[in-house]
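This is what each chain is made of:
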Number of protein chains: 2
Amino acid sequence: MTYCLGMLLESGLVLMADTRTNAGVDNFSTFRKLHVLADGPDRQIYAATAGSLSVSQTVIGTLREDQLASDSGEPKPCLGEAPTMFRVAQLVGEAVEHAGASVGAALDRAHIESHVDVLVGGRVGDGPLKLFEVYSVGNFIECTQDVPFLQIGETKYGRPILDRTLRYDTPLADAVKLGCLSFDATMKSNLGVAQPIDVLVIPADRALAPISHRIERHDPYFVELQERWQQGLRKTAASLPTPRWMK
Amino acid sequence: MTYCLGMLLESGLVLMADTRTNAGVDNFSTFRKLHVLADGPDRQIYAATAGSLSVSQTVIGTLREDQLASDSGEPKPCLGEAPTMFRVAQLVGEAVEHAGASVGAALDRAHIESHVDVLVGGRVGDGPLKLFEVYSVGNFIECTQDVPFLQIGETKYGRPILDRTLRYDTPLADAVKLGCLSFDATMKSNLGVAQPIDVLVIPADRALAPISHRIERHDPYFVELQERWQQGLRKTAASLPTPRWMK
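Residues numbered from 1 in each chain as written. Chains lettered and ligands numbered in written order. Predicted model: local features only at pLDDT ≥ 70, side-chain atom pairs only at ≥ 80, totals over all residues. Heavy atoms only, no water.

Chemist: Go over the relation of the copies chain B and chain A, please, and point to the residues and values.
Modeler: Between chain B and chain A, which share one sequence, the superposing operator has a rotation angle of 180° and an axial displacement of 0.0 Å; the RMSD is 0.0 Å. Considering both components of the superposition, the chain copies are consistent with a two-fold axis. Taking C-alpha positions as reference, the residue of chain B nearest the rotation axis is Tyr157 of chain B, located at 2.5 Å. (Least-squares fit on C-alpha atoms with pLDDT ≥ 70 in both.)

Next comes the structure, spelled out in structure tokens:
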């Protein structure tokens, strides 16, 4: 299992991804699922993947090696030349479709799960920060202000806290904190999601440098956050009244 | 969609179920999913169902009408004669298997979802309160003290609050309150779960009467609980520190 979260806010873009992979509970490992696709002066493009590890790595490898070829055999524009993030999302969608038609189809024939979802975020040239979710067949949606986050993988346990607290105008540092609480809820209920958690933050203000951080197991901040959140939730729940019809 | 929750505590048994059914978003309705299977001086047996409404109703109807017949054509012991809750769970499992082999198989042939899950709780004679989850093929598990609750239907959104707060020694009124918070989280994230919520409480103390209550839409207690919980969560989240590496 996997949990990846993308938040697109007025203040910037945040991508977070856990690193646990497993094929059954007796075969789990640590793989990075948050990838840098382009990091130059004119474009910063990042992707997080959930689903079949072999298909995900094929997608990322294909994009990095610009191996996409059109049906006619003509070379296609690669990520390094895409003029907009919309075009980037299309190229990622094509890479997903391509991997699905090759590796995915082989897995399907063996009745092995081949599903893959990708979060793609970043910016190109003078364009704004954008965030997309690319589905298994290559179609995609774009994150908008009304619900300023997208999730892939094990999405449900960690969603209520985001629905309740995250807004488009949430400051970046607070968004990272809320993202940590969302991962905490997910990890409490699903062993398939685990630290380290990779975090990437791209401030909307171009004068501020991107931040890349890995939250390791037993990270003091994360442990403190988990404990204080647990205590606060229990205290809040205890302070609420019970129904009158139960007395 | 549906959300049903059963809690088996030192202080008693709580069953809660929403009432929304839907076949697509343009066809939703209100149906009771919390059923009384037996309510006499020697046995109180209750069930909550999730999944295909027609299969669920077939299961409940079969159990109520004691229509189960053994393969040899001999009449089987009915719920009203089962000597233990374990035997009750077996009979419910057989009814589920029977409905699956008839109605379920017909639905499968038409490629329509036929899955059904059942929570069965209560007590027989001098026996203790018990709670079981019966799966689609008729097998079942029993709730134990380590994790004193079982869920069926849309289980994930409402699980973190229970994992964090519910214990075997939680008093009944508090458990109902925590159950309401679990339903609140689920309803916030899934339109397929909605009020009214049916609640059934059977105290372990036989001197206390069972409580049956329906929480209607706009119920003042539930609305107050939702608002104060939301405020408390936001306040707690706001009080937590942000990571130092984000400053």
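Chemist: Before we move on, could you go through the side chain of Asp18 of chain B and cite the residues and values that matter?
Modeler: All names here are of chain B. Looking at where Asp18 falls in the secondary structure, it is placed in the loop between strand S2 (12-17) and strand S3 (20-22). Since its relative accessible area comes to 0%, Asp18 is described here as buried. Among the polar contacts listed, one links the side chain of Asp18 to the backbone nitrogen of Arg20, at a separation of 3.1 Å. Non-local contacts of Asp18, meaning those with residues more than four positions away in its chain, are made with Met1, Thr2, Tyr3, Phe31, Lys33, Phe183, Gly192, Val193, Ala194, Pro196 and Ile197. (Helix = DSSP H or I, 4+ residues; strand = E, 2+ residues; numbered from the N terminus. Buried < 20%, exposed > 50% of the residue type's maximum accessible area, 1.4 Å probe, protein only. Polar contact = N/O pair within 3.5 Å; in protein donor to acceptor, adjacent residues only side chain to side chain. Contact = heavy atoms within 4.5 Å.)

Chemist: Summarise the sheet that holds strand S8 (residues 130-134) of chain A; cite the residues concerned and give the values.
Modeler: Residues and elements named next belong to chain A. Taking strand neighbours across the sheet as the criterion, the five strands line up as S5-S6-S7-S8-S9 in an open arrangement whose pairing is antiparallel. Where the open sheet ends on each side, the last strands, each with one partner, are strand S5 (34-39) and strand S9 (140-142). With strand direction ignored, the average angle separating the axes of adjacent strands in the sheet is 20°. Here five bridges tie S5 to strand S6 (residues 43-51), and the two strands are oriented antiparallel to one another. (Pairing = 2+ DSSP bridges. Axes fitted to C-alpha atoms, helices over the stretch in contact; angles between N-to-C directions.)

Chemist: For the packing of aromatic side chains, give the residues involved together with the corresponding values.
Modeler: Evaluated as defined, the whole model comprises six aromatic pairs over all chains. Judged by centre distance (5.7 Å) and plane angle (65°), the ring pair of Phe86 of chain A and Phe140 of chain A falls under edge-to-face. Residue Phe86 of chain A is found in helix H2 (residues 85-109), and its partner Phe140 of chain A is found in strand S9; the two are separated by 54 residues along the sequence. Measuring from ring centre to ring centre gives 4.5 Å for Tyr3 of chain B and Phe183 of chain B, while their planes differ by 35°; the resulting arrangement is tilted. In this pair, Tyr3 of chain B sits in strand S1 (residues 3-9) while Phe183 of chain B sits in helix H4 (residues 172-189), placing the two residues 180 residues apart along the sequence. (Phe/Tyr/Trp six-rings, centres within 6.5 Å; stacked < 30°, edge-to-face > 60°.)

Chemist: How would you sum up the nonpolar core? Please name residues and give values.
Modeler: Formed by 65 residues in total, the largest nonpolar core has its most connected members in Met7 and Met16 of chain A together with Met7, Met16 and Val199 of chain B. Every residue in contact with Met7 of chain A, bar those within four places of it in the chain, is listed here: Gly12, Leu13, Val14, Met16, Leu131, Pro148, Phe149, Leu166, Ala175, Val176 and Gly179 of chain A. (Core = buried A, V, L, I, M, F, W, Y, C linked by side-chain atoms within 4.5 Å.)

Chemist: Give a description of the sheet that holds strand S10 (residues 149-153) of chain B that names residues and reports values.
Modeler: All names here are of chain B. Strand order across the open sheet formed by five strands is S10-S1-S2-S11-S12, with antiparallel pairing between neighbours. Among the strands making up the open sheet, the edge pair consists of S10 and strand S12 (211-215). Ignoring strand direction, the axes of neighbouring strands in this sheet form an average angle of 10°. The pairing of S1 with S10 spans five bridges and is classified as antiparallel. Across the sheet, the residue bridging to Met7 is Phe149, located in S10.

Chemist: Requested: an account of the environment of Leu240 of chain B, with residues and values cited.
Modeler: With respect to the helices, strands and loops of the structure, Leu240 of chain B is situated in the segment after helix H5 (220-239). Accessibility expressed as a relative area gives 4% for Leu240 of chain B, which makes it buried. Among residues more than four places away in sequence, those in contact with Leu240 of chain B are Lys177, Leu181, Leu225, Arg228 and Trp229 of chain A.

Chemist: Give me the packing of helix H4 (residues 172-189) of chain A against helix H5 (residues 220-239) of chain A: which residues, what numbers.
Modeler: All names here are of chain A. Between H4 and H5, the least distance of the axes is 10 Å, while the angle of their chain directions is 75°. Judged on the interaxial angle alone, H5 and H4 are roughly perpendicular. Facing Lys177, Cys180, Leu181, Asp184, Met187 and Lys188 of H4, the residues of H5 in contact are Tyr221, Phe222, Leu225, Gln226, Trp229 and Gln230. Looking at the contact of H4 with H5, its residues break down into seven nonpolar, two polar and three charged. (Parallel < 35°, antiparallel > 145°, perpendicular 65-115°, else oblique. Nonpolar A, V, L, I, M, F, W, Y, C, P; charged D, E, K, R; others polar.)

Chemist: So what's going on with unusual backbone geometry? Which residues, and what values?
Modeler: Residues and elements named next belong to chain A. In this structure, Pro196 follows Gln195 across a cis peptide bond, with omega equal to 0°. Relative to the assigned elements, Pro196 resides in the loop between H4 and strand S11 (197-203). With a phi close to 55°, His111 is a non-glycine residue in the positive phi region. Here His111 is to be found in the loop between H2 and strand S7 (116-124).

Chemist: How would you sum up the interface of chain B and chain A? Please name residues and give values.
Modeler: Each partner contributes to the interface: chain B provides 43 residues, whereas chain A provides 43 residues. Taken together, both faces of the contact between chain B and chain A bury some 4200 Å²; the carbon and sulfur share is 68%. When the buried area of chain B at its contact with chain A is split by residue, Arg164, Trp245 and Met246 of chain B rank highest and sum to 21% of it. For the pair chain B and chain A, the number of links is four salt bridges. A salt bridge links Arg164 of chain B to Asp184 of chain A; the nearest nitrogen and oxygen atoms lie 2.9 Å apart. At the junction of chain B with chain A, the criterion picks out 21 residue pairs in polar contact (both at pLDDT 80 or more). (Buried area = accessible area lost by both parts, 1.4 Å probe. Salt bridge = Lys/Arg side-chain N within 4 Å of Asp/Glu carboxyl O.)

Chemist: Before we move on, can you summarise H4 of chain B with the specific residues and values?
Modeler: Taking 1.5 Å of rise per residue, 18 residues should cover 26 Å, and H4 of chain B covers 26 Å from first to last C-alpha, within 8% of that figure. Counted residue by residue, H4 of chain B has 16 buried out of 18 residues, so it is predominantly covered. (Expected span 1.5 Å × (residues − 1).)

Chemist: Kindly report on the pattern of salt bridges, identifying the contributing residues and their values.
Modeler: Applying the stated criterion across every chain yields a total of 26 salt bridges over all chains. For the salt bridge of Asp18 of chain A with Lys33 of chain A, the shortest nitrogen-to-oxygen distance reads 2.9 Å. Placement of the pair is Asp18 of chain A in the loop between strand S2 (12-17) and strand S3 (20-22) and Lys33 of chain A in the loop between strand S4 (28-30) and S5, with a sequence separation of 15 residues. Lys177 of chain B is paired through a salt bridge with Asp174 of chain B; the nearest N and O atoms lie 3.6 Å apart. Here Lys177 of chain B and its partner Asp174 of chain B are both found in helix H4, three residues apart, which amounts to about one turn of the helix. Given a relative accessible area of 2%, Lys177 of chain B falls into the buried group. Its relative accessible area of 26% is what places Asp174 of chain B among the partly exposed residues. Through salt bridges with shared partners, a single ionic network connects Arg32, Asp198 and Arg214 of chain A.

In short, geometric facts, not functional conclusions.
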